[in-house]
Amino acid sequence: MTDAHLHLQDPRILNTESIIRSMRKSGITRCVVNGTSPSDWEKVRLLAESHPDLIIPSYGLHPWNTPCKENWKLLLRDYLTESNSLSKVLPCIGECGLDRWITDYNMKAQEDAFNYQLDLASEFNAPITIHILKAWGWFLETLRDRQEANGTQSLTTERGFLLHSYNGSTELIPELVSAGAYFSFSGYSLNTDKANTLETFRHIPLDRLLVETDAPDMLPPAHAISHPLQSTAGYINHPANLSMIYQELAKALGLSTENLHAHIAKNFSTFFLKNKT
Ligand SMILES: [Zn+2]
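Let us look at the structure shown here.

Okay, unusual backbone geometry next. Of note, the bond from T66 into P67 is cis; its omega dihedral lies within 30 degrees of zero at -10 degrees. In this structure, P67 sits in the loop between β3 (55–59) and α3 (72–84). Residue P216 is bonded to the preceding A215 through a cis peptide linkage, with omega at 10 degrees. As for its position among the elements, P216 is in the loop between β8 (209–212) and β9 (229–231). Phi at S165 takes a positive value of approximately 45 degrees, unusual for a residue other than glycine.

Shown next, in the form of structure tokens:
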């Protein structure tokens, strides 16, 4: 079982080693740990170094952390170059993206950071994980501008991109699919007030679907929590809740859990692992 997106380096996760043991015990075989700023990339790298069979490191500048001191670009390139030298994993980029949900956002800084990370994804043919919140028009415009400038067929990279915790509309799916998008489902969308998102996932092609916890964020509703976890800031999402998210998503899509597992395993390997030709 694979988790396409989480933040094991988050300081709210205490006892990381015991959490990782629970993850393994619950059947998780691979997860992608996303850095969000230069301040957490080293922690991500060390986690992956200690658990190379489980953790795929991903390095990115989250839109909430823009603008950032200019040397982040060189530093990010260094982390990706190091990842690229490892035998089993690809250099992964993310979490990056565009966000108009936060207050006082800096559009220019977000756009600059996002474009730089898309450029790196092309250069390394890297899996890139994208966060888009209240910014779908802006995102599509950015991709179209890039397509015009590069004159390429694909809007981003040959490998495509992952829209993590997809929250866009059903209508956008065809354009995003042809641009190379994968879509990951987070347990938070099992909340009753997120019924629209769950409905949207019924329209996503099965060969573009992934599942994530986004732990310690995106807490699922009580019925989908197998591993309650408290931090000083209240309840947080335990990464081992993943298995419940698979179960609930399979039910919602009218698939057997085994069938969903098989699709996700294949998609995860196509997008994130080195065996793609
Ligand atoms: Zn995240």
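Okay, the nonpolar core next. One recurring pattern in soluble globular proteins is that nonpolar side chains are buried together. Core analysis: the largest hydrophobic core is formed by 64 residues, its most contacted members being V33, I93, A126, L162, L163, L210 and V211. Among the elements that line this core, the one with the most residues is helix α4 (residues 107–124), at six residues. Beyond its immediate chain neighbours, meaning those up to four positions away, V33 contacts L6, H7, L8, Q9, V44, L47, A48, I55, P57 and S58.

As a further point, take the environment of A109. Residue position: A109 is located in helix α4. Each C-alpha atom of the pair A109 and I93 lies 18 Å from the other, and the pair is 16 residues apart in sequence.

The rules behind the values
Residue indices follow the written sequence of each chain, beginning from 1 at its first position. With pLDDT at 70 or above as the cut-off, local features in this predicted model cover only qualifying residues; side-chain atom pairs require 80 or more to be listed or tallied, and sums for whole chains, interfaces and linings still use all residues. Secondary structure elements follow DSSP: runs of H or I no shorter than four residues count as helices, runs of E no shorter than two count as strands, and numbering proceeds from the N terminus. As used throughout, a nonpolar core is a set of buried Ala, Val, Leu, Ile, Met, Phe, Trp, Tyr and Cys residues joined through C-beta atoms within 7 Å of each other. Exposure in this text rests on C-beta crowding, where 20 or more other C-beta atoms within 10 Å of a residue's own make it buried, 12 or fewer make it exposed, and counts in between make it partly exposed. The C-beta atoms are placed from the backbone. The contact criterion used here is simple: two residues whose C-beta atoms, placed from the backbone, lie within 7 Å are in contact.

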